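# Residue-level structure breakdown
Residues per chain, in single letters:
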Amino acid sequence: MADFKDERAYNSKTLTKVFLWSGLLLLICVFLMVWKDYNRPWKAYQRQFMQLQKEQAIEQVPDVVSDIDVAKFKELYEAKKQAEKDLETHESEISKLNKQSADLDNQIYKVKTVDYQPLKAQIDADKYTYMARSEEGKDNENLKKKIDAETDQANAYTQKLFELNQQKDQVAKDLSTLYARRDEVAGNLAKMEADFLKLKTKIDKNSFSFLFYFRNAMMLDFLAPTIQIQQVVLKNLPEDMYFAKTMRVDRCMTCHMAIDKKGFENAPQPFRTHPNLDLYIGSSSPHPLEKIGCTICHGGMGQATDFNTCAHVPNDDEQAKLWKEKYNWEQPEGVQSTMLPLKYTEGSCLKCHGTQEQVNFAPKLNRGRELMITRGCVGCHKVKNLEGLTKAGPSLVRVKGKLKEEFVEKWVWDPKSYNAAARMPSFFQQTNNSDPDSLARNKAELHSIVRYLYTHSEGYTPNEAPAGGSVANGKKIFKEIGCLACHGIDDVTSHHADFAPDLSSVGSKLSAAFIYTWIKNPRHFNPDTRMPVLRLTNQEAADVTAYLMSKRNKAFDEASAPQADPAVRDALILDYLKVQFGIDGAKTQLAQMDDKAKEQYLGQKSLSKYGCFGCHMIQGFETAQGIGTELSDWGTKQVSQLDFGTTGLPHTHEAFVNAKLENPRQFDNGKDVVFNDKLKMPNFHLSPEDRESIVTAVLGLTNTYVPDEMTAGIHGNGPLLEKGRRVIFDFNCRGCHLIEDQGGRIREMYQKEGIDLSLAPPNLRKEGAKVQVEWFHDFLMNVHPIRPWLHIHMPSFAWTDEKIDAVITYFNLKEDEQAFPFKTINVPKLSASDLTQTKAMFDKLQCKKCHVFGSQVPADLSTAAPDLLKVHERLKPEWVLDWLKNPDALSPGVRMPAFWPQPDDKSPVPQYFHGNSEKQREMLRNYLFMLSSAK
Amino acid sequence: MHYILDAIDFVLQPWSYFIFSVIGFWAMIKYREKWTEPDFAVKILWVSIGFIIFSMVYSTHFRDIATLPDNVPIFLMVYGVGFFTWLSFRQAVVNDRRIAQGQPPVEKETSDKKVYVWPDLVYIEFIATIIGGVVLLIWSLCLHAPLEEAATPAWTPNPSKAPWYFLGLQEMLVYYDPWLAGVVFPTLIIIGLMAIPYIDKNPKGSGYYTFNERPFAIVPFLFGFFILWVTLIFLGTFMRGPGWNFFGPYENWDPHKVVVLNNVNLSEYVWVRILGIGLPTNWFLREIWGFLVIGFYLIGLPPLLTKKVPVLQELLEKLGVVRYGVLMFLMLLMAALPIKMVLRWVFNLKYIVGIPEFFFNI
């Protein structure tokens, strides 16, 4: 309060004190502000990394120094000294030459800049004036003369310059002759020191010198700091800011400084090298850092440089705990993109590789996508690029002729009670519908569904199965012939395929006649089935039938089917009718229905409700749309749009999908939901690994904008390759074969049971380069064994021309071979003398010891190699050369010996063709092609 | 302890919050002699701080909301408004006592003295600038700017809140259409504030604080400022959550919360519920009752009130017709907000006039 002493409102001394202190406070705050701006966490990381690099370099010094040959180094050092001494004797000559050189430089400078350049400028100006005057129609004669004179002068200068330069070159040459010896020695010395000097530079560069502190000092670091933000700017992968696309800027390497540097594989984070530089980040990898960056795969906020604002997301709870302690980590919120937990990173491949059937080097993602197709996820949920595929479950169009009604009711009521490995998910007896009321209603629904299916089913009568058949033999055939590539069965534990139904209890499901007919010809029952024919004899088929019929589930057989209560059924129907007709109308309608009509009505409604047609072909539902949420960009859906209900899960995408897959109905917990509004997604009983794969595949479904030029599989041959890959997936070729080095799943059994892998189905690496197109086509049209003595059979697929075409095109294009038009096979015939030598060589190499040769077969047929007489019609000549040279590269683990061991390419039979390996292989190849055609 | 929190959540509803505010306001005016005593005021201060600490300790939700960088100004506002109100009332109470005893107001003692602009004014202004700068710097050093994610047309943040100082306006949007709550009322607030010097002819209270000499100027102003602005900001900050639903201060903001919102137009009340006939198709006929009500409120009510209320009669004589008319108009519009609020809570009234045909809703 003003005291008004001495006509002053305030005591000036007090005011001055207040002013002093507040001023000081402001100064301190300004300092704090500058300090806070200066003191960024990433700077500390960069300093730490310098230290790390320096330490690493220092560690390497002894190694590098020990590599240096000290005696030689000394010798060279002495030689250099001597050479320099020798030079002193030529001192006068050198100084003369140096003087000459300087003199010439002066002259050149004068002629070039003083004489020539101004004249040239004058000529250009005059030429312009000439043009301008002639445009105006003025007389140009004098000007023309002037230009000519000037041009002559300019040419003279050019000539002079040329001469001077020549003289200078001569002087330089003379000088270098004199210095030659010293330069050579010095050069060698430098070479010896090079590695060491490089290290020294590295150490110096990473030392904290005065200059370092000066350049990076507070307030001075705007000049030329060495500690600075590192970033890549990605023009081709813009960030979609909704109203505009901005360039993606990734600054991750500001802290992750060693991400593209080899040698920090075991360094502590954030200084660890990327674990796969050949595939990512490396400049020669397919995903170079400067083109792909980091966040397009890992997610997160690329521009941020602070641990939390980057939106780091831990891989598991353990890491979360660690991060909380170390970085004060919090679940990122309100950011555009959070990082994908490391275990789900493969999902990001879909951003660019989404149109591809398989993504190489992404096994988890591929498995997830495969499960989404084979388990029927995409039957209900629309997913971009996974539309219009073969339905996951069997067609029910002829179910009447295949299954008993009672079986179907028991099966759908609880698929796991029939077979623990059943792929059919459980709709009933789940957490949200196990109360007595729901159970009764579910039973009524199920009964009506089955009645509907049987009413809308075509009839079918299988052929009679022959009586008898050996279970033991059937079991052997089943295991050996290749059934296990797609089907699982509990008798075999070394391998369990889940591409086709598990057959452990199939005897409780099907009749012997059906199985027999089905094995002999699956298309007899279902013309569209993917099941191939294994070309079994009647006896073999009967044996397999006997074996499969022996596979029964007793408990399931004895259990009774759920009993539906007609009253409950009527109540359910009334609920549906009410909406359309009102309660009285509904009652009238219901009264007019007989039992059959009621069953049909409720069956149809229930099939629609549960979306059974998503996986099964059902009459009356041919065009129905899947009932699930579209998942095409689910990974970028807002978390707040997901209803976590009372689950208490962390609010993240990954937790949501995982929980949804683990127990889809738990989201109904603690809610009061009307019967028909209860969650309907069935329980798939997936293993944690399978769940993780599916989560990976679902998190990868985003709406991230990727321009066409960055999208894989749509350029050039891409679409054609994908078409082939789709067929390969649909028919599970990878169940047996390794294709693009992926798959060959049945090999697991060979490995576990110790069977020779060369007896397994072949690796189809370079198949397109290997076999002739005509042969390939004939083979797929009419499969015949190449190695008939193998137990496992290549099955006969009833493929359309389109599918065969797609597969052949795929294999050929993959090897950059043109499938169509056909290529002429042109192998020169051997001359008589060459033929003699080649035959001798052929015998010497003992080819027939393993290979079948027409009617001549090797002693041990069980491990024999393909018939050499068929080479000419089957193989491509270029491939045969490659094969002979290095069989292991084309088919790893193959039994074919490498006669010409690589990389030395030393001939095992030097007596032929002067030991020229190349020539030998060519002759052998020509012989094989000739030999067969001579037959 | 959660029983207390749950009880507070249960008790606090939009209408009870409003009633508590009004009671508090009434008590503030009525017991000004008491709470302006410094000792008593300090007690209030401690109670309020204790309450905040209690809330922060026992409710993680409250703590999360209260410690958002966005909401720091709310506390500054609450305590700033509280302190300056106390200061002015304190001086007013002291002066009123002196006036009652026939003494001049405190300000009189120094009002005839003069001081120099330099250094007395300029110096302290300069110091104030420096201290203001220090406060802002410390603030910005300690708290990050509350930036949100990039805007997307496909997904608006939920709740979508205006800057804190506009939350009072946003609360009005619950009860009135945007053209009224967002355009007309804010404009009228500014016009009203501008009009005060021309309407207020009372020469008393000029240059000194007093309450008794100008209660009619102070009470409506503070009602508008406290009840219709400051407390609504507080409500908007702590009690409006996702979906603009009302949440207790300790209630978790569940975006999936579902509440009953069966609001009914006046036309439906009259035509359907009272008269028992359907809504007329012609919009004018349909909304005729609303027009009548509005017409009565703005045109019929002022003369009626003036006639019936002697205080207003006096006021009319004092101010003259034009000033009085403007004052009444502004006052009635200010009152329109609480009236509509009450109508909403009591009758679920949605619109008095509701013409969706051309977006004219009152």
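Residues numbered from 1 in each chain as written. Chains lettered and ligands numbered in written order. Predicted model: local features only at pLDDT ≥ 70, side-chain atom pairs only at ≥ 80, totals over all residues.

## Things to note about the overall build of chain B
As a reminder, the rule being used: Strands here mean DSSP runs of E at least two residues long; helices mean DSSP runs of H or I at least four residues long; both are numbered from the N terminus. Any residue whose C-beta has 12 or fewer other C-beta atoms within 10 Å is treated as exposed, any with 20 or more as buried, and any in between as partly exposed, C-beta atoms being built from the backbone. Residues are treated as contacting if the C-beta atoms built from their backbones sit within 7 Å of each other.
Summing up its helical and strand segments, chain B has 16 helices and 2 strands in all. With 362 residues in all, chain B has 17% of them scored as buried. Long-range pairs, those at least 24 residues apart, make up 66% of the contacts in chain B between residues at least 6 apart in sequence.

## Some details on the overall build of chain A
When its secondary structure is counted, chain A shows 33 helices and 6 strands. For chain A, the residues scored as buried account for 28% of the 935 residues in total. In chain A, once contacts between residues fewer than 6 apart in sequence are set aside, the share between residues at least 24 apart is 68%.

## Overview of the interface of chain B and chain A
Here is the rule: When residues are grouped by polarity, Ala, Val, Leu, Ile, Met, Phe, Trp, Tyr, Cys and Pro land in nonpolar, Asp, Glu, Lys and Arg in charged, and all others, Gly among them, in polar.
On the side of chain A, 25 residues touch chain B, which itself brings 25 residues to the contact. Here the element with the most residues in the side of chain B that touches chain A is helix H8 (residues 117-142) of chain B; it accounts for 12 residues. Among the residues making up the side of chain B that touches chain A, the classes are represented as 16 nonpolar, 5 polar and 4 charged.

## Some words on the domain arrangement of chain A
Residue and element names in this part refer to chain A. Short version of the rule: Domains are outlined according to an automatic or database domain assignment.
Under the domain assignment used here, chain A contains domain 1 (58-210), domain 2 (232-341), domain 3 (363-390 + 629-708), domain 4 (399-614), domain 5 (716-814) and domain 6 (832-934). Just the C-alpha atoms count here: the centres of domain 5 and domain 6 sit 24 Å apart. Facing 15 residues of domain 5, the contacting portion of domain 6 comprises 16 residues. Taken together, the residues of the side of domain 5 that touches domain 6 sort by class into 7 nonpolar, 3 polar and 5 charged.

## Things to note about the environment of A:Cys352
Residue and element names in this part refer to chain A. With respect to the helices and strands, Cys 352 occurs in helix H10 (residues 350-353). Take Cys 352: there are 22 C-beta atoms within 10 Å of it, and that puts it in the buried class. Spatially, the C-alpha atoms of Cys 352 and Thr 704 are 9.5 Å apart, while their sequence positions differ by 352 residues. Apart from residues lying up to four places away in sequence, Cys 352 is in contact with Val 706, Met 710, Thr 711 and Ala 712.

## Some remarks on the pairing of strand E2 (residues 245-250) of chain A
One face of the sheet, then the other: side chains in a regular strand alternate in exactly this way. Residue and element names in this part refer to chain A. The test is simple: Paired strands, as defined in this entry, are two strands with at least two bridges between them according to DSSP.
Strand direction decides the pairing type here: strand E1 (residues 232-240) and E2, joined by 5 bridges, are antiparallel. Within E2, the position partnered with Asp 240 by the bridge is Lys 245. Where E1 folds back onto E2 in an antiparallel hairpin, the turn is made up of 4 residues, including Tyr 242, whose phi is positive at roughly 75°.

## Points about the nonpolar core
All names here are of chain A. What counts, and what does not: Working definition: the nonpolar core is a set of buried Ala, Val, Leu, Ile, Met, Phe, Trp, Tyr and Cys residues, joined through C-beta atoms within 7 Å.
With 60 residues, the main nonpolar core has Ile 515, Val 544, Leu 548, Ile 728, Val 807, Val 880 and Leu 928 as its most contacted residues. In terms of residue count, helix H18 (residues 538-550) provides more of this core than any other element does, 7 residues in total. Among all residues touching Ile 728, those that are not within four sequence positions of it are Cys 733, Arg 734, Ile 739 and Val 807.

## Observations regarding unusual backbone geometry
The phi torsion of most residues other than glycine is negative, and most of the peptide bonds are trans. With an omega of 10°, the peptide bond running from A:Gln269 to A:Pro270 counts as cis. Residue position: A:Pro270 is located in the loop between E2 and strand E3 (280-281). Look at the link from A:Gln902 to A:Pro903: it is a cis peptide, with omega at 5°. Mapping A:Pro903 onto the fold places it in the loop between helix H32 (887-890) and helix H33 (917-934). Positive phi, normally seen in glycine, also occurs at A:Asn385, with a value near 75°. As for its placement among the helices and strands, A:Asn385 is situated in the loop between helix H12 (377-380) and helix H13 (405-413). The partly exposed category is assigned to A:Asn385, around which 16 C-beta atoms lie within 10 Å. A positive phi is found at B:Phe359, a non-glycine position, where the angle reads about 55°. With respect to the secondary-structure elements, B:Phe359 resides in the loop between strand E1 (354-355) and strand E2 (360-361).

## Description of the domain arrangement of chain B
All names here are of chain B. For chain B, the assigned domains read domain 1 (2-107 + 207-244), domain 2 (115-144) and domain 3 (266-361). In this structure, domain 1 and domain 3 have C-alpha centres spaced 30 Å apart. Opposite the 6 residues of domain 1 that make contact, domain 3 presents 5 residues. Listed by contribution, the elements that provide at least two residues to the side of domain 1 that touches domain 3 are helix H2 (14-30) and helix H11 (215-238). Broken down by class, the residue content of the side of domain 1 that touches domain 3 amounts to 5 nonpolar, 1 polar and no charged.

## Concerning the packing of helix H24 (residues 718-730) of chain A against helix H28 (residues 801-814) of chain A
For any two helices packed against each other, one specifies the crossing angle of their axes together with the interaxial distance. All names here are of chain A. Note the cut-off: Fitting a line to C-alpha atoms yields each axis, with helices limited to the stretch in contact; the angle taken between N-to-C directions then spans 0 to 180 degrees. Roughly parallel means an angle under 35 degrees; roughly antiparallel means over 145; roughly perpendicular covers 65 to 115; every other angle is labelled oblique. Each crossing gets its handedness from the near helix: less than a right angle anticlockwise from the far helix is left-handed, clockwise is right-handed.
Orientation of H24 relative to H28, taken along the N-to-C sense of each, is 120°, at an axis distance of 8 Å. The orientation of H24 with respect to H28, classified from their angle, is oblique. Where H24 crosses over H28, the two elements pack in a sense that is left-handed. On the side of H24, the interface is formed by Leu 720, Leu 721, Lys 723, Gly 724, Arg 725, Val 727 and Ile 728, while H28 contributes Lys 803, Ala 806, Val 807, Thr 809, Tyr 810, Leu 813 and Lys 814. Considered class by class, the residues forming the contact of H24 with H28 number 8 nonpolar, 2 polar and 4 charged.

## So, the confidence of the model for chain B
So the rule is basically this: pLDDT runs from 0 to 100 and stands for how confident the predictor is about each residue.
A residue-level look at chain B finds 100% of positions with pLDDT of 70 or above and a mean pLDDT of 90. This prediction of the complex comes with two scores: 0.83 for pTM and 0.80 for ipTM.

## Quick word on the packing of helix H9 (residues 167-175) of chain B against H11(B)
Residue and element names in this part refer to chain B. In the contact formed by H9 and H11, the axes pass within 7 Å of each other and the chain directions differ by 80°. One element, H9, and the other, H11, form an angle in the roughly perpendicular class. Residue-level inspection shows Leu 167, Gly 168, Gln 170 and Glu 171 of H9 in contact with H11, the latter providing Leu 228, Trp 229, Leu 232, Ile 233, Leu 235, Gly 236 and Thr 237.

## Let's talk about helix H3 (residues 70-89) of chain A
Worth spelling out the cut-off: Expected span, for any helix, means 1.5 Å times one less than how many residues it has.
For H3(A), with 20 residues, the first-to-last C-alpha span of 30 Å sits near the 28 Å given by 1.5 Å per residue. Counting buried positions along H3(A) yields 1 of 20 residues, so the element is predominantly exposed.

## Structural notes on the environment of A:Tyr130
As for its position among the elements, A:Tyr130 is in helix H4 (residues 91-135). Sequence separation between A:Tyr130 and A:Leu143 is 13 residues, and the spatial gap between their C-alpha atoms is 6.9 Å.

## Quick look at helix H29 (residues 832-844) of chain A
In this model, H29(A) (13 residues) spans 18 Å end to end at C-alpha, consistent with the 18 Å of a helix rising 1.5 Å per residue. Two residues or fewer past H29(A), A:Gln846 is found with a positive phi of approximately 60°.

## Notes on the environment of B:Ile227
Residues and elements named next belong to chain B. One can find Ile 227 in helix H11. Sequence-wise, Ile 227 and Met 328 are 101 residues apart; in three dimensions their C-alpha atoms are separated by 19 Å. Residues in contact with Ile 227, not counting those within four places in the same chain, are Ser 21, Val 22 and Phe 25.

## Structural notes on the confidence of the model for chain A
When pLDDT is averaged along chain A, the result is 90, and 98% of the positions lie at 70 or above. Predicted confidence in chain A is weakest over H33(A), with a mean pLDDT of 82, and strongest over helix H23 (residues 688-699) of chain A, with 96.

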